[in-house]
Structure formats: C-alpha cells, structure tokens
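Take a look at the letters that make up each chain.
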Amino acid sequence: MQIIKSRNWRIERLGFVFALLLAFLSLGASNAFSSPLLEERHPILVQADSLTEALVAVHSVGGVVTHELGIINSVGAMMTSAQQGQLAQNRGIRVYESLPLSVASETVKTVRDEFSPEAYDNNHGTQSWNGPWTEIGDDNKPNKGKVKIQDGQIKLENDNRGIERGAELANAQSATLSFEYQRKRMDSARNYVKIEISSDGGATWSEVAKLSGPDSDQRMQSASYNITSLVSANTVLRFRTSPDMAGKFYIDNVEIQFSQQAASPSPTPTSVPPTAVPPTAVPPTAVPPTPTPVPPGGTPGTIPGSVTTRDEFNQYSYNGNDGLYPWSGAWNEINDDGGISTGHVGLTLLTLNDLNGSTRALYLNEKKIDGIPWVGVYGVSRTVNLSTATQAVLSFNYKRVSVDLADHILVQVSPDGGANWIEVGRVNGGIYDATFQYARYDISHAIAKTGTTAIRFLSQYTPGDFYDYLYIDNVMVEHNGATQPTASHPTLVGAHTLHNQGLTGVGVSVAVLDTGIWSHPALAYTTDYQNKVRVQYNAITNQIDSEWNAISTEDSGHGTHVTSIIANKDRTPDNVYRGIAPNARLLSVKAFDANGAGNYLDVIRGIDWVVANKDTYGIRVLNLSFSGTPHSYYWDDPLNQAVMKAWEAGIVVVAAAGNTGPNPMSVGVPGNIPYVITVGAMSDNYTPDVLSDDLLMSFSSVGPTAEGFVKPDVVAPGGRLLGLMPVDSTIAQEHPSFHGFDDYFNMSGTSQATAVVSGIAALMIQADPTLTPETVKCRLLATARVALDSNSRPAYSVFQQGAGMVNAYDAIYSSASGCANQGLNINADLSGSQHYQGRANKNAGGQYYLEGLQGDGFTWSGGFTWSGGFTWSGGFTWSGGFTWGSGFTWSGGFTWSDGFTWSDGFTWSSSVAGINAWVEDEQITTSIAQQRNVVALPDDNPASDNSAEPSAPIQQLFLPAVTNSH
C-alpha cells in the first residue's frame, strides 16, 4: 500500500521544532509527559488559528497527534481529561470531542397522532398504533365530553380523566416519547397530568412525568422523554388527570420515535416440509417442497433475473408490500368477518416468532368464538400480476400449534384470478412445531398469462379440540415477470433520456465518502470496459488502497449501494442503465467501518484529502450520504467547516437531509449548511409510470434549520432503490429481506436520494464543464417539480420538499443562474466576519413561515401533509426567486419560540450523532393518506403581510402565482 505523504502546509520545520521545544521547556518535562501516560486518553479535535498553533498546543500538554486536519486548522489527538483542561484555558484554542458518526443499519420508525381529523384512530407516523385511543372515565366519544378532540388537540379536564393508546415496540433498541402540551388555569400543584407507560398491556404502570400547576401556558410547550427501558410488544401510553384536577390540559403531536436493529436470520429448521400432493386439475404435477430446508424466506435469485413479491406482516395491515415488486391487491379473508384481529383469520403477535425482527404473523384457527365452534372452510387469498413471467416460486414459513392429525391447510394457486384453483401443496396436521418451518413450491405451471395470478391458504379443519392454530409468515412469490420497478430512479428523474443523448458522466470524477466500495464489474468498469475507479483512499488508516485497479474495501454494504445508484453501468431488462451517471469516474473515500460507524476526525480527514487532491484527480462532486445531530450553529461545527471548504474550493457537495422526519427542524449535519445541496427522499409508491400517487417519505428529515434556512433544497427518489451490495456484507446479512435478486438489494433512505442528485450533478458537469457549484444548485432548484394537489396547490410545505423533485433533463438544458445562495458569502462565513440567517421563523401559534412571503407552501403547522391525490408538477416555480436560499447577516437576536440557542463555547456530548439509518419504504393508500393533515385551504381574503413575526397564527394564505420554468 502507498502511504499518503503529509500535505505541505507551509510549515518551516526548524521553526516548528523550535516552537515545540519552547513549549516543552515552559511547562516542564515532568508536567507535560509523566502522569498523563497513566490516564485514559480520548480522541479530541483541537482547532487554532493555524495548523502549526494546533500542533504546538497539543504537544505542549503531552497529547498524541493522530490527525493533521489543515483544512480547518485543526489536529486530532489522543488526550487525557487533564490535558483537555489545560488546553481549555488557552483562549486561542478550541477543543471538541470527536463525535461518532454512523451510516448504521438501524431502522428508525415512528407512531404518531396529530389529532386531525377528529377521530381516535389516526396514524400519522411511519407505523400504525395498536388500535385507537381509549378514554378513561369519560364517554369514549372524540367530539363530546370532558375528554375530546378540540381544534386538532386532545383536551382533558376534570378529575380522574384520561386517554390511552397501545403501540407495538418489540425489538426497539431505543425509544423517545415526545408531545406538545398547554396548561390552562391549572391553579395549584394538586392540578396535574401524569404521563405513564405500561410495558405489559396495562397491567402495571410506570410514571414518566407529571406536569402540574400552578401554571397557564401562553403557547404550546414541548416535552420529550427517553422511554427505552419501558418498551415492549405491548407498550401502552396514557395521560391521566389528578384526583383534584381543575383547569384544562391540551395535548398535540404525540409521537414515539424508536429504532429497531434487525435480528439475525433464524437457524435453519431441521425438519422437512410436508410433501405436496398432486394437483387436482389438468396442469402438470406440482413440484414438492424443497427437500433440504433453506433459511427463512428462501434464497432469492434462484430464478435468473427474478424479483420478489413479499409480505412479512410487519404492518398491522393486509396491504403489506415487503418485496421489490408489489402485490396487485390486499389479502382477502374467505368466509370470515374481514377483521384483521378478529375471527378465525387475521394477524396476531407471537412471542417466539423472530424470523425477521417482527413478531406478527397471519393465523388460521379453529378456536371457539363466543362458545360456538367453527366447522367449515375458510382462509385467505391475494393476487399478483405475473402476466409477463415465465417462472415463479411460492414460499412461506409456517408453524403448527395443536393442529389435529386429521386437519390440514391447502396451498392453492389460481391461473384465472380465482375462478379455478390448483392445489400445489398442503400443510398436514399432527405435528406441534417448536419453530417456524419452511415450504417452497414451483407454481410456474399456474401463472396467469392474462390478468392476475391468485394464491390462497385454505383450512380443512374437522371438529376437534377447537384450539387448532396455524401461523403463516414471510409469504413470497419469486418470479421473473417484473421489469418496470427495477430501475425507477433513472427514469423518474429523466436521466435515461440523457443517456440516449450520450450524457453518461464521462470525464467527471465523483468522490463518495462512505464505507468503501466493492469491486463489482458494474462499478469497476465503464461501458467501454475502461477502469472507472480512479483511486481508493482510506481516511481511517490514511492510506491509498489502490489506484486505477478497483479492489474491495467494503464490509458494510452502504457505500457500495450508494455508489451503484450514482454510477452503475448494468442495464435493466428494458435496456435502461441502473445508474444515473454510469460512466462517471469514481473515487472511494472510506471513513466508516463494517458497522457503518465513524467519527468526526476520520470524516474530516477524508474531506481534507478530497480538497487537497481535487485537481490531481479532477474531483467535481462529493457525495455525503450520512447525517449527524447538530450541536451548534452551522458555522461553528468543525465538520461543517470542512464541508464549506470543499464547496468554496469548487466542489459540488451533495448531502443527505437525514432520516429522522417527519418532525420539523430535523435536518442534520452537514445538510444544515445553507450552501450545499441538501436532499430529501420521495418514492414512486411502487408505480413508476404513475406520478399521481408519488409521495414524500415520512422518514425524510425536514426543515427549517435552527438558523432559519429552508432545507432540504430538493427531494429525489429514495424509496426502494435497487443497488449493488456484497451478499456477505453487514447490511446484507442483517437485512436478508431487502435482497431483490443476484447482487441487488432494494433500500430506502435519504442516502439513496442523495446519490441520485450526485449522479445528476455529474451529468450536468459533463454537459457544461464550466458550471460552478452555485450554478449546479441553482439549475436543480429552478427545474425541480413541486408536488401539487388536485387543486394545483403544494401538497407539501416548502420546508418538507424544498424546491421539489429534481429533474435531470430540465436541469441539463436550463440556463438559470444566480438563484442559489443569494446574499451569502462563504469566504466571510469561514473567516468568521459574517454569519447568516434564513427567512424562516416560527410564530406564537406554532406555525413555520417565511418572512415576507405568503402562500400555502410557505406556512406550515409541522404536520406530515398529503391530500391524497397529487402529482409532481412539470415546472411549477415557487415565487420570490428562490428566496429560501438567501440569508440575512446574523444579528445574534434571532430566536425561535422553542428557544433554539446554544451557550457560548457549546459542549459536544458523547452521544451518537450519526443518524443516517436504513429505513423501510412505505406504500401509502388513499385511506391512510386522507388521515394526513391537509394544507390549509385558501380563504376569501388574503392574509396580511408577514414581513415581521405575526402576533397570531398564519392560516389560509393564498398560494403564490404559478409560473412555468420552461
């Protein structure tokens, strides 16, 4: 391996040695180097006015330098607490902990209720609650009584009243409860509301907080509590008033945000699935289940070019779509009551089922209901469009509990949508399964050549002990009949048209700072078989791993997946490139390990290397698919300073917004920098040819930032994007259900959306190599497409979708300029002479707005808005000349009503800052969508000017004039 030579920072070595000697003599050898060796050292970032001063400062107290970060006049060092304390006394030195960062495979989820509409069964998070809210001590009517929904908030009054709701939080690694509240006329300490959590379904309760009087809040307050120790599969949350309650208590935006680490695959079952019986119709004999069991869920990819249609029953719904290719409809019950959790067919929770990190499964039972035994045939069926497939395999996991010997379940397939059925197998009784078993059937002979193929599980129970249960999980149809959904991101953004015009990223170098890269041929070579990976730099070891000869440095899978979205040269069956810029040159900068973990020191060193070598390797684009929690204003964060240096050097920096939405002010570092291009995520909702059902992903982080800037700048496809990944990488092993086919995995997140935009930037620079980062950003903003509802108004606020969804074709042919980063001076920002604030603010009513601008999209209550029927408009332009990109000089008096302030000399915590988590894609139905908060309808009268913070909530503002950008 080639060792990187130190960058020439214009340090005179003799002067440097002399300075160190003076520092050493001034402190004394024993003071500087004796006792600290016995103390534990920690990674620290030390910043000064020059690299030389930082080096001298560290050596003067006996610290050990590990990183030279000349890009921000800093060094990384291992130091003791005592040494840190010594440095902290030096006014010219700034000391930071090396915060951890991550591109982890954690799944961030939310259950949330914004209490609109006026109902107890709203679901505004990424996951559904376990049932509706239940009132305590009242009439259980959402619009009447002492407990009710009033003006989009829960209102509690009188003594011993309350409300509770359950949530499934099984396998949660962490969980946080947050909500907003307001007390009115609670005139003594005896007036209070208890917030309690039960982890056993309500049998016992733990008090989380008690919000008491005497107090009357002038506006809604925010509360947040760590409830990690109290979560379970049967978590229940409740708010309960005191026995002497007087006054009123209002609650809004109740949310539990939790993270789940996917469980390892279950051990391979040892028993052999039951033998399939011959079909009852004319088609060829059904193939019996695979005699050698395979891991739960099967092994996708056994059919060449196959994709999977799958339901893992993770959601409390019959609409689950966990595969690459969607089902044609929902599960339908046969001869039962249609209830998801009632009757003889439904979904249930199991304590011993841990096939994929979920404890939910489908059940078919023979249990007595209301004392009446069931005798007859019932079951469940679902359809999938296999009209273009030639091969298909059905597989599933099952578990028998007290199924009588005479009983069995038929596994059937219909080639004509349900008119006629072919039996392909059966699950016999007489066995009590300790673990889930696996069955697999070739159903190629039953494919419907026109219309849809149906599958069903049908009970054949005879009267017995009335406690027969069969559980079914991970139902999957693997087939080769899907071409459209396999490469939606190039077609969604119009890149495929540019490919046909010869724009494929040739000659443009894109640096990807991530977990490394896999030497897959689709990434290692261009379409004409030239080497594509220019250089591979390891920022962790400070070494060049390889030049012009791609080697595998990937253990996690994240970096490869992201890189393949940018520059994969493989094609889909319908001849579309799978990468946005398939011939762009690649530079891999490895700064994260196999678990997706990294730290500020290594990441900043990676950025430092990119900037120092931008001319050597022609680096024009830097992809940053990670995000950390802000701990300071954007200009004070050392990582942000390094990223700003990259932008100043002429590199187009594309950063992820983060995956902690849909709450406002959730955009992370470095996406909170006003200069760079920050990207949120949208999805085609499994229908790439239909724009009217596309949606913003609820996990996508949204703005504004703490400094008042609108973020993200744009959104891009980030749901279920196909990308390459080694099958033995960490993410692939921990998330086997994300395996699409061969070496392809479908993943979701703002990481993927960021990669799409980086690829577009490469195409833009190939078309016009003179483009500056500001012009690239301007044209992406100017040609983005805003999501509009059926009344041609924004379906999402500007704080959620920025300028809208990117459009590669229009961006290439745009002539827009001067519309990004207006009023900002990055040189002044970096020097510290000026800092900036954006136009965004929050009024007393809790609404976010842009000063001086009016319109539905410029005012936002913080809800996840979607009206249920919209499209990404072709060329809708926000009025105001992209004013969200401009800034005012920081006055120091800019305050949020929530009190977004950091003290002088802010403290960096040691908690995990990285939040770029893997997330599940979501398919939103119209019924769910209509439960989302809808953007306020326009009034007959225009609102007053918003140039100053309103004293009352801004509501029902007119939409700005619609113009066409073409």
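Data block above holds the structure.
Here is what the cut-offs are and how they apply
Residues numbered from 1 in each chain as written. Predicted model: local features only at pLDDT ≥ 70, side-chain atom pairs only at ≥ 80, totals over all residues. Heavy atoms only, no water. Helix = DSSP H or I, 4+ residues; strand = E, 2+ residues; numbered from the N terminus. Buried < 20%, exposed > 50% of the residue type's maximum accessible area, 1.4 Å probe, protein only. Contact = heavy atoms within 4.5 Å. Areas by Shrake-Rupley, 256 points an atom, 1.4 Å probe, with all protein chains shown as cover. Axes fitted to C-alpha atoms, helices over the stretch in contact; angles between N-to-C directions. Left-handed = near helix turned anticlockwise from the far one by under 90°. Nonpolar A, V, L, I, M, F, W, Y, C, P; charged D, E, K, R; others polar. Pairing = 2+ DSSP bridges. Core = buried A, V, L, I, M, F, W, Y, C linked by side-chain atoms within 4.5 Å. Parallel < 35°, antiparallel > 145°, perpendicular 65-115°, else oblique. Salt bridge = Lys/Arg side-chain N within 4 Å of Asp/Glu carboxyl O. Disulfide = S-S within 2.5 Å.

Asker: Break down the overall build of the protein chain for me, with residues and values.
Answerer: Per the secondary structure count, the protein chain includes 18 helices and 50 strands. Within the protein chain, the fraction of its 966 residues that count as buried is 60%. A separation threshold of at least 6 residues defines the contact pool for the protein chain, and within that pool the share at least 24 residues apart is 78%. For the protein chain, the accessible surface area stands at approximately 34,300 Å², while carbon and sulfur atoms represent 49% of it.

Asker: Describe the packing of helix α8 (residues 558-567) against helix α13 (residues 750-767), with residues and values.
Answerer: Running from N to C, α8 and α13 cross one another at 35°; their axes reach a closest spacing of 8 Å. Seen from above, α8 lies across α13 with right-handed handedness. Listed contacts from α13 to His558, His561, Val562, Ile565 and Ile566 of α8 are Ser751, Gln752, Ala755, Val756, Ser758 and Gly759. When its residues are assigned to classes, the contact of α8 with α13 shows five nonpolar, six polar and no charged.

Asker: Kindly report on the sheet that holds strand β8 (residues 130-136), identifying the contributing residues and their values.
Answerer: Within a sheet, neighbouring strands are paired by backbone hydrogen bonds and run either parallel or antiparallel to one another. Reading across from one edge, β8-β11-β16-β13-β14 is the order of the five strands in this open sheet, with antiparallel pairing throughout. Whereas interior strands pair on both sides, the edge strands pair on one side only; in this sheet they are β8 and β14 (206-212). The mean angle between the axes of side-by-side strands here comes to 15°, regardless of whether they run parallel or antiparallel. Two strands pair when backbone bridges link them, and strand β13 (residues 192-198) and β14 are joined in this way by six bridges, in the antiparallel orientation. Pairing of Tyr192 across the sheet is with Ser212, part of β14.

Asker: Hey, could you go over the nonpolar core for me, with residue numbers and the actual values?
Answerer: Nonpolar side chains in soluble globular proteins tend to end up buried together. Residues Leu513, Ile607 and Trp609 are the most contacted members of the largest nonpolar core, which totals 109 residues. Top contributing element to this core by residue count: α13, with 10 residues. Residues Leu177, Tyr181, Ile195 and Phe258 belong to the second largest nonpolar core, which totals 36 residues.

Asker: Can you explain the environment of Thr775? Please cite residues and give values.
Answerer: Locating Thr775 in the fold gives a position in helix α14 (residues 773-783). Classification of Thr775 by relative accessible area gives buried; the value is 16%. Linking Thr775 and Asn821, residues 46 residues apart in sequence, is a C-alpha distance of 9.7 Å.

Asker: How would you summarise the packing of helix α9 (residues 600-612) against helix α11 (residues 638-648) if you had to cite specific residues and measurements?
Answerer: Here α9 crosses α11 at 10°, and the two axes come no closer than 10 Å. As summarised for this structure, α9 and α11 are arranged roughly parallel, according to the angle between their axes. Only Pro638, Leu639, Ala642, Val643 and Ala646 of α11 make contact with α9, whose side of the interface consists of Tyr600, Val603, Ile604, Ile607 and Val611. Across the contact of α9 with α11, the residue classes break down as 10 nonpolar, no polar and no charged.

Asker: Explain the sheet that holds strand β5 (residues 94-97) residue by residue, including any values.
Answerer: Pairing is antiparallel across the open sheet formed by four strands, whose spatial order is β3-β4-β2-β5. Only two strands of the sheet have a single partner each, and these edge strands are β3 (64-69) and β5. Mean inter-strand twist for the sheet, computed between neighbouring axes without regard to direction, equals 30°.

Asker: So what's going on with the pattern of salt bridges? Residues and values would help.
Answerer: Following the criterion strictly, the structure yields 22 salt bridges and no others. Of the charged contacts, one joins Arg310 and Glu312 as a salt bridge, the two residues approaching to 3.0 Å between their closest N and O atoms. Residues participating in the shared-partner salt-bridge network are Arg112, Glu114 and Glu255.

Asker: I'd love a proper account of the state of the cysteines, names of residues and values included.
Answerer: Counted by the stated rule, this structure contains one disulfide. Each sulfur in the disulfide pair Cys778 and Cys819 lies 1.9 Å from the other. Sign of the S-S torsion, about 110° for the bond between Cys778 and Cys819, identifies this disulfide as right-handed. In this pair, Cys778 is assigned in helix α14 and Cys819 in the loop between α16 (808-812) and α17 (826-831), connecting sequence segments 41 residues apart.

Asker: Break down the pairing of strand β9 (residues 147-150) for me, citing the residues and quoting the values.
Answerer: Because side chains alternate across β9, one face comprises the buried residues Val147 and Ile149, and the other comprises Lys148 and Gln150, none of which is buried. Relative to strand β10 (residues 153-157), β9 is paired through four bridges, and the arrangement is antiparallel. Looking across to β10, one finds that Lys148 is bridged to Lys155. Connecting β9 to the next strand, β10, in antiparallel fashion are two residues, including Asp151 with a positive phi near 55°.

Asker: Now, about the pairing of strand β24 (residues 408-414): what can you tell me, with residues and values included?
Answerer: Here is the key point about a regular strand: its side chains alternate between the two faces of the sheet. Burial runs high along β24: seven of the seven residues are buried. Residues His408, Leu410, Gln412 and Ser414 line one face of β24 and the alternating positions Ile409, Val411 and Val413 line the opposite face, and both faces are buried. Here β24 runs beside strand β25 (residues 422-428); their pairing, made up of six bridges, is antiparallel. Within β25, the residue paired with Gln412 across the bridge is Glu423.

All quantities given are derived from atomic positions and should not be read as evidence of function.
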